[in-house]
Every structure is written in structure tokens, then in C-alpha cells.
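Chain by chain, the residues:
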Amino acid sequence: MLNAVRPFVRGARKLVAKSKLRSLPGNGFPQSVLPAAAYLVSEKTDERAEKIADRIEAERDRLASFGSQKVDILYSPKPGSAGSTVTADLRPSHGEVMQFSMEQVARTGKTRRWGLFMHLLAREHRSANILELGTCAGISGSYIGSSPHCQQLRTIEGSPALAELARSVLPLTVSNPTVINALFDEALDDILPVIEPIDFLFIDGHHEKIATLHYWQRVRPKLRDGAIVVFDDISWSQDMRDGWNELAREPHFSHAMDFGIVGVCIYRTAGTKPPRQWDLRAIAGVGKGVGNPHGWRN
Ligand SMILES: C[S@@+](CC[C@H](N)C(=O)[O-])C[C@H]1O[C@@H](n2cnc3c(N)ncnc32)[C@H](O)[C@@H]1O
């Protein structure tokens, strides 16, 4: 796109986003999600939340300053590696262990914009018991767990080096965080029998449709009625997009909100019809394109 045209396109997108946002209140849109949606459009929030973000971003910069120093990370496997049946018993194989630089690890964490979005979601929803699958260095966990209503953040990470890193990052902004160093399924075996009802679930790792549906189904019985469930990277690959399209028809959700990068759902224990679907990609300023990591589609 020509540089001269860019500001006009950006301006037009903002107008569409604002008009979409104005259409939500009074139209059955969940009240607790409105401030986070509004933030995506204005990119402004209150001083308290901005200060927390400044603290987390300073820590991200510090991690990035270690530059090319290497750390292990579990990369999402190519779709299909987990087989083709979704049952609670199926254990999808995790991805390859790869070496990322500290700079890449710092960038892998959710951005300030999406971090604040989730902070506002957790805050407005008054989420007390939070579970995250996919800690990495603890950036998203810091944003969600620093909500003033958080009483317990549990986060699961398969890489020992990343779990150790997160154990030093999270306490800077989160009180009482627990980092579990295990594969998702192994950690869930241990915590699901004893965990209190979950108010906020964030699934951000093992980005394969079948794995995403599997982890959601495993945690589902432990969700509190009205809990928020956030699925990350729903447009990362066609496979993940197919997964989101299935989740967005799941009767156990009352609302399925498509923000393009993340999908946000509201859980209900009893449900017989599909959720109300919201296409909010315009609000997020995200197009309808779907990623094609490593040419996996071919
Ligand atoms: C996208 S990163 C998480 C980023 C983090 N939520 C943030 O925004 O700051 C995904 C993480 O999940 C971990 N992971 C992927 N598959 C896993 C599995 N099956 N069990 C445990 N950890 C896994 C990876 O090692 C990686 O650190």
C-alpha cells in the first residue's frame, strides 16, 4: 500500500471499529467484555492498568536484552499429529522442542495491547481463579494475574527453562502465582481433581485444532458458570480457524466472540443451543485472513 494512502485507510478502519463498538451495548453483548472491547478501539485505559503494563513491558525489555541467549520452547506441531478423534482421553502429542533466543521468547508473549485487553477482561469479570495453558516467560500471565480480583493464578509450561524464567517474572505483578512445569495433560491430571471452580481459562499453547478442543474439553467440568474462556491464535492456521469455528457452535458457550487474534467465550453449564456469535474483527482492527505457518496448508 502507498504510504500516502495508509493514514486514510487507518482512519477509515477506526471509524468502522467505533461504529461497530457503538452497536454493542443494549444488543445483548456481555457487559463485562465491553471495556476490553472499547480499549481495543481507543487503545487508552486507566492509569492503574497502564502502570501495570509499564512494569510488565519493562520486564519484557529486560528479557529481550539477553538477545541471542537460547532457551527451550515447545513448538506447536503440524496439524494432524494428534490423530483425528477428540475425546477427553486422547493425549495429543506435543510439538518439537526448539531453541528460541531470549529476544524471540520476549516477543512470543502477548503484546501490550492484547495483554491489557485480557487484563481488562479479567478485571471487569472479577475473575478470582485463573488457569493458563502456555506460560512461556509469564508475560500474558502477568497481565491477567495482576487483575485486582485475582486470588490464584495457575499456569502450565512444558519447558523447564521457561517455567523457571516465569517464576521470576510473575511475582513482580502477581500475588501468589503457581507455575507448573509439566506437559498440559500431565499437569491437568494433578490439578483438576483438586482445583476450585475456574473463572478465567486462557489456552495459549499447542496450537492445533484437535489439541485445543481436547484441552478445553478436559478443563470444562471445572469451569464456573459464567467463566471466561480465551483461545489464542484462532487465525494462526486454517486448522486453528477450523477449531474456532467448531468452538463457536459449542452449546456450552452462551457467547462466542471472534476478535481475530483471540476468541473469547462465556461458559454456561447448561446449554442446548449454539452460542450467540459475534464477529468483532473490525473492533480489533484485524482482517479476515488466516495464517499459513511453515506452508502447513500445503
Ligand atoms: C505461545 S507460548 C505462550 C505465550 C504466553 N501465553 C504469553 O503470551 O506470554 C506457548 C507456550 O506453551 C508451551 N507449550 C506448548 N505445548 C505444550 C504442551 N503440550 N505442554 C506444556 N507446554 C506447552 C510452549 O513451551 C510455550 O512456552
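One structure accompanies this document, and this report is about it. No experiment lies behind these values; they were computed from the predicted model shown.

Further remarks concern the nonpolar core. In terms of nonpolar packing, the biggest core is built from 46 residues, with Phe 117 and Phe 259 touching the most fellow members. Counting residues per element, this core draws most heavily on helix α5 (residues 112–124), which supplies 7 residues. Residues Leu 192, Leu 201, Ile 203 and Val 219 belong to the second largest nonpolar core, which totals 31 residues.

When two helices pack together, their arrangement is given by the angle between the helix axes and the distance between those axes. Where helix α9 (residues 209–219) contacts helix α10 (residues 238–247), the axes come no closer than 8 Å and their chain directions differ by 35°. Along the contact surface, α9 presents Lys 209, Thr 212, Leu 213 and Trp 216, while α10 presents Asp 239, Met 240, Asp 242, Gly 243, Glu 246 and Leu 247.

Moving on, we get to the sheet that holds strand β10 (residues 276–279). Strand order in the open sheet formed by 8 strands is β5-β4-β3-β6-β7-β9-β8-β10, and the pairing between neighbours is mixed. Both outer strands of the open sheet, β5 (177–181) and β10, are each paired with one neighbouring strand and no more. Neighbour-to-neighbour, the strand axes of this sheet turn through a mean angle of 15°, independent of strand direction. Relative to strand β4 (residues 152–157), strand β3 (residues 129–133) is paired through 5 bridges, and the arrangement is parallel. The partner of Ile 130 across the bridge, within β4, is Leu 153. The strands that α10 touches are β7 (223–232), β8 (253–258) and β9 (262–267); relative to β8, the one it contacts most, it runs at about 145°.

What counts, and at which threshold
Residues numbered from 1 in each chain as written. Predicted model: local features only at pLDDT ≥ 70, side-chain atom pairs only at ≥ 80, totals over all residues. Heavy atoms only, no water. Core = buried A, V, L, I, M, F, W, Y, C linked by side-chain atoms within 4.5 Å. Buried < 20%, exposed > 50% of the residue type's maximum accessible area, 1.4 Å probe, protein only. Helix = DSSP H or I, 4+ residues; strand = E, 2+ residues; numbered from the N terminus. Axes fitted to C-alpha atoms, helices over the stretch in contact; angles between N-to-C directions. Contact = heavy atoms within 4.5 Å. Pairing = 2+ DSSP bridges.

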